[in-house]
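Report on the structure
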Amino acid sequence: MPKKRSGGGLTGTQQAAKFLGVSVLSGAVLAGLALPAAGVLGLAAKGTVQGFDEIPANMKRPPLSQRTTILDANGGQIATVYSRDRTVVDLKDISPYMQKAIVAIEDSRFYEHGAVDLKGVLRAVNRNAQSGGVAQGASTLTQQYVKNVFVEEAGDDPDKVAQATQQTLGRKIQELKYAIQVEEELGKKKILENYLNITFFGQQAYGIEAAAKRYFSKSAKDLTLPESAMLAGLVQSPSRYDPVNDVEEATKRRNTVLARMTAVGDISAAEAEEARATPIKLAISRPKNGCITAVDGAGFFCDYVREVFLSDPVFGKTREERGKVWNQGGLTIRTTLDPKAQKSAQESIKNHVYQNDKVATAVTMVQPGTGKVLAMGQSKPYGFGKNETQINYSVNHSMGGSNFGFPVGSTFKPFVAAAAIEQGKPANQVYPAPYEMPYPDNISKCSGSPWRNYGDSQTVENENEKEVGPYPLREAMEMSVNTYFVQMLADIGMCPVTEMTDKLGVVMGNGKKLPENPSSLTLGSDGMSPLTMSTAYAAFANRGTYCTPTAIESIKTADGKSLAVPKTQCSRAMSEKTADTINQLLGGVVDSGTGQQAGLSGRDNAGKTGTTDFRKNAWFVGYTPNLSGAVWVGSPTQTVKMEYITIGGEYHEKVFGGQVPGPIWRDAMTGALDGVTATPFANVTIPDAPKENQPDPSASPPVDDAKPGNGAFNGGTGDGDGDGDSGNGDDEGGWFDWDDDNGGRDGNDDPLGGITLPPDVIGGGGGQRDGGTDGGWR
């Protein structure tokens with residue numbers, strides 16, 4: 001007795017040899033191609049059953065691409081992303097009406113034939129021969145499924161899609177061979193289930209579950225007879241019979257399906273008549289794909305999660321491999337995002353900086369000790385419209401951020417202080433700190449020759465002329481005294497500072513290490529991202545242990561399998577005593593220094609302000625033992641001087657780090673920490689400096705740390721009016737086009753005294769530079 005297959009009929013070889021024969025097989029190919037029957041005998045003369053059997057029957061059936069769901073830390077949905085909107089369901093979860101409708105209209109003899117329908121082939125060949133052209137095809141539902149597998153495997157590659165859909169004899173013969181294989185391996189019910197899950201139904205909906213949701217806002221199991229007939233009719237031509245754009249054509253096609261269902265005995269004439277009398281009533285659910293749909297302004301965090309996935313080797317050896325997994329989808333990604341912190345950050349942003357302001361703000365919050373990114377938002381929403389952007393101002397360029405980050409100003413000074421204390425400098429270290437001074441002539445570096453200030457041409461100044469030392473470290477930090485930290489750098493050398501920043505993960509926004517020059521390593525003249533700064537400051541809160549940022553808690557595949565995820569890497573960056581000392585110093589900044597407007601009530605907190613030359617950037621980076629956050633305000637293109645400017649409906653003559661970013665930080669942190677127990681910092685006693693070293697009591701109280709310079713980044717001699725402008729130079733400093741690579745460098749001399757930087761790092765402006773490396777980033 002012949003060996004039977006699960007789908008009925010003989011085995012593949014027996015079917016090909018006995019039932020069809022080469023000539024009939026040729027007819028099947030031609031019928032499947034919807035070509036005339038001419039040439040059948042010629043093809044038969046060239047082919048043999050043996051040749052057909054030699055075609056490899058090893059079709060791979062990759063998992064169907066599905067939507068990926070991104071969740072916050074509490075399990076709430078942030079967004080869904082997909083290359084193809086699809087949710088795979090079992091056959092039992094598909095309406096019986098839908099199962100019958102698709103079989104009736106696409107392959108009514110599906111349960112009677114094998115992979116190839118002999119009667120259908122002969123009928124199609126005869127019909128095409130009579131018409132002398134294309135009249136009828138004979139591809140079975142199984143063959144259509146195989147073709148869809150080819151298309152699915154091609155993904156979004158247009159060349160591969162063209163190959164998968166090309167109408168050639170070779171491709172069709174291959175489909176036939178694979179169809180026989182599928183029939184033998186899967187059986188009819190599984191083929192039908194797979195077909196309904198893979199097929200495109202128009203309107204970005206792949207598979208019957210997505211189609212049911214898109215057109216009728218219901219699950220596939222709840223589809224009625226009229227709805228099922230309409231969806232089944234779409235498969236032949238989703239655009240032609242699209243009910244959204246042409247309900248009349250869709251109705252005609254639906255009624256054709258109902259007539260076919262009646263003819264094959266799936267429904268009665270009365271059922272068909274009732275269904276035909278029912279108007280198509282759509283309940284459209286619009287596609288909600290991508291990070292643009294994220295809740296509470298979390299679009300940029302959503303995009304950051306995607307970038308983490310595509311860049312981390314834990315998800316694949318190459319970016320291409322990782323991209324395939326991401327596009328395959330079907331993942332449930334639980335992230336570190338704290339919905340309370342995210343909502344608080346966005347509300348604070350909305351209250352302080354408007355979407356249509358000339359400047360923007362970005363806020364990033366990180367949990368000390370775990371590296372978990374709890375919030376990430378900005379005032380320019382994620383999108384493509386006016387006052388929207390897809391550039392994530394919170395992260396480095398490699399993760400979707402600006403090209404270089406943004407100059408951080410005096411928020412860099414705590415790194416210098418931490419390095420000095422680690423080197424054994426006392427917490428009450430005193431330096432002369434005059435109002436104005438040349439950079440020291442000889443500052444040691446990690447390698448190579450020391451940094452030199454030839455001819456004392458490069459100078460640095462304090463915020464105002466009354467800021468004259470000597471100062472101990474506490475007062476210097478609270479008042480953000482520039483000359484103090486330059487003298488501290490000269491005392492300990494650059495290497496301890498670069499070693500400290502390396503341990504704290506501090507790199508420029510382009511991912512490169514900080515250059516060894518005094519402007520970069522004291523006044524924060526280089527661009528960095530809010531995520532970099534908030535994570536580095538979190539190490540102070542964590543008593544000296546730095547943890548790399550992490551955004552993904554867990555990932556599960558569509559079949560419930562857990563994937564490995566990148567874990568935070570924690571390492572000691574400084575001693576506990578050093579970190580505790582920095583906490584005390586920065587606590588003074590919010591208590592009585594430049595950051596008073598940022599201070600929190602009812603809990604220990606610390607932070608540092610920063611304002612750069614021409615007030616193009618203003619920062620506040622601060623933390624509690626529970627949470628670290630960085631706030632940047634400025635022009636993404638670095639073209640706006642924040643003077644005489646309205647931000648968030650409030651007019652500012654001059655913007656300071658403590659004045660605009662500070663309150664944003666305060667409000668965001670207050671909401672994020674609501675209900676969280678107030679944990680104190682470890683207490684450290686910092687001795688007072690000797691009486692004779694106290695600063696001049698007549699000095700003006702600190703307003704912030706923005707200060708004109710007279711060096712490489714703003715030229716000329718500072719006029720000392722504290723307005724962030726230069727005295728006799730008009731070069732704007734070169735941080736020109738942060739979203740573009742087109743910034744130029746127009747200065748005619750060598751502002752860095754022999755230090756070279758990559759092209760376009762310093763650009764813009766047109767003024768002659770006659771200073772050194774002051775940088776002016778306060």
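Shown above is the structure to which this text applies.
An account of the accompanying structure is given in this report. (Residues numbered from 1 in each chain as written. Predicted model: local features only at pLDDT ≥ 70, side-chain atom pairs only at ≥ 80, totals over all residues. Heavy atoms only, no water.)

With that settled, the discussion passes to the state of the cysteines. Joining two cysteines, a disulfide is a covalent bond between their sulfur atoms. Taken as a whole, this structure holds three disulfides when the rule is applied. The disulfide that involves Cys291 links it to Cys302, with 2.1 Å between the sulfurs. Since a negative S-S torsion denotes a left-handed disulfide, the Cys291-Cys302 link at about -70° is left-handed. Here Cys291 is found in the loop between helix 13 (269–276) and helix 14 (299–311), whereas its partner Cys302 is found in helix 14, with eleven residues between them in sequence. As far as burial versus exposure is concerned, Cys291 and Cys302 are alike and both buried. Sequence-ordered numbering of the bonded cysteines in the chain gives a pairing of 1-2, 3-4, 5-6. (Disulfide = S-S within 2.5 Å. Helix = DSSP H or I, 4+ residues; strand = E, 2+ residues; numbered from the N terminus. Buried < 20%, exposed > 50% of the residue type's maximum accessible area, 1.4 Å probe, protein only.)

Once that is clear, we can look at the side chain of Ser628. Considering the arrangement of structural elements, one finds Ser628 in strand 20 (residues 628–634). Separated by 2.7 Å, the side chain of Ser628 and the backbone oxygen of Ser534 make a polar contact. Ser628 has contacts with Thr364, Met365, Val366, Pro368, Ser534, Tyr537, Ala538, Gly622 and Tyr623, leaving out every residue within four places of it along the chain. (Polar contact = N/O pair within 3.5 Å; in protein donor to acceptor, adjacent residues only side chain to side chain. Contact = heavy atoms within 4.5 Å.)

Summed over all chains, the structure comprises two cavities of 30 Å³ or more. Counted as a void, the second largest cavity has a volume near 40 Å³. Around the second largest cavity, the lining residues are Val366, Gln367, Pro368, Gly369, Gly371, Thr535, Ala538, Ala539, Asn542, Thr545 and Cys547. When residues in the lining of the second largest cavity are grouped by element, the largest group, three residues, is from helix 22 (residues 530–541). Looking at the lining of the second largest cavity, its residues break down into five nonpolar, six polar and no charged. (1 Å grid on protein atoms, 1.4 Å probe; cavity = no way out; pocket = protein on both sides within 12 Å on 5 of 7 lines; lining within 4 Å. Points joined across faces, edges and corners; volume = space filled by probe spheres on them. Nonpolar A, V, L, I, M, F, W, Y, C, P; charged D, E, K, R; others polar.)

This part is about the pattern of salt bridges. Counting across every chain of the model gives 25 salt bridges. We note a salt bridge from Asp85 to Arg67, for which the minimum N-O separation is 2.4 Å. In this pair, Asp85 sits in the loop between strand 2 (77–81) and helix 4 (96–106) while Arg67 sits in the loop between helix 3 (49–53) and strand 1 (68–71), placing the two residues 18 residues apart along the sequence. For Arg67, a relative accessible area of 29% corresponds to the partly exposed category. (Salt bridge = Lys/Arg side-chain N within 4 Å of Asp/Glu carboxyl O.)

Moving on: the sheet that holds strand 5 (residues 373–378). Spatial strand order, 5-4-20-19-18: five strands in an open sheet with antiparallel pairing. In this open sheet, the two strands that pair with only one neighbour each are strand 5 and strand 18 (606–611). Strand-to-strand twist across the sheet, computed as the mean angle between neighbouring axes with direction ignored, equals 5°. Across six bridges, strand 18 lies against strand 19 (residues 617–623) in antiparallel orientation. Bridged to Lys608 within strand 19 is Val621. (Pairing = 2+ DSSP bridges. Axes fitted to C-alpha atoms, helices over the stretch in contact; angles between N-to-C directions.)

Here the focus is the sheet that holds strand 15 (residues 552–556). Strand order in this open sheet of five strands is 2-1-3-15-16, and the pairing throughout is mixed. Edge positions in the sheet fall to strand 2 and strand 16 (562–563), since each of these pairs with one other strand and no more. Across four bridges, strand 1 lies against strand 2 in antiparallel orientation. In the sheet register, Thr69 faces strand 2, and the bridge partner there is Thr80.

For the structure shown, the criterion picks out 20 aromatic pairs. On the basis of an interplanar angle of 55° and a centroid distance of 5.2 Å, the ring pair of Phe309 and Trp326 is categorised as tilted. Of the two residues, Phe309 sits in helix 14 while Trp326 sits in helix 15 (residues 319–328), which places them 17 residues apart along the sequence. Here Phe309 falls in the buried class, since its relative accessible area comes to 0%. On the basis of relative accessibility, which here comes to 10%, the residue Trp326 falls in the buried class. Taken together through their ring pairs, the aromatic side chains of Phe412, Phe415, Tyr537, Phe540, Tyr623 and Phe681 make up a single cluster. Residue placement shows Lys188 over the ring face of Phe110; its charged tip is 4.4 Å from the ring centre. (Phe/Tyr/Trp six-rings, centres within 6.5 Å; stacked < 30°, edge-to-face > 60°. Lys NZ or Arg CZ within 6 Å of the ring centre and 35° of its normal.)

Turning next to the side chain of Ser65. Position of Ser65 relative to the elements: it lies in the loop between helix 3 and strand 1. A distance of 2.7 Å separates polar atoms of two side chains, one belonging to Ser65 and the other to Glu152. Look past the residues within four positions of Ser65 in its chain and what remains in contact with it is Ser83, Arg84, Arg86, Glu152, Asn327 and Gln328.

A large share of helix 10 (residues 208–216) lies buried, amounting to eight of its nine residues. Those residues of helix 10 that are buried lie in contact with helix 4, helix 9 (188–198) and helix 11 (225–234). Just downstream of helix 10 lies Ser217, where phi reads positive at about 55°.

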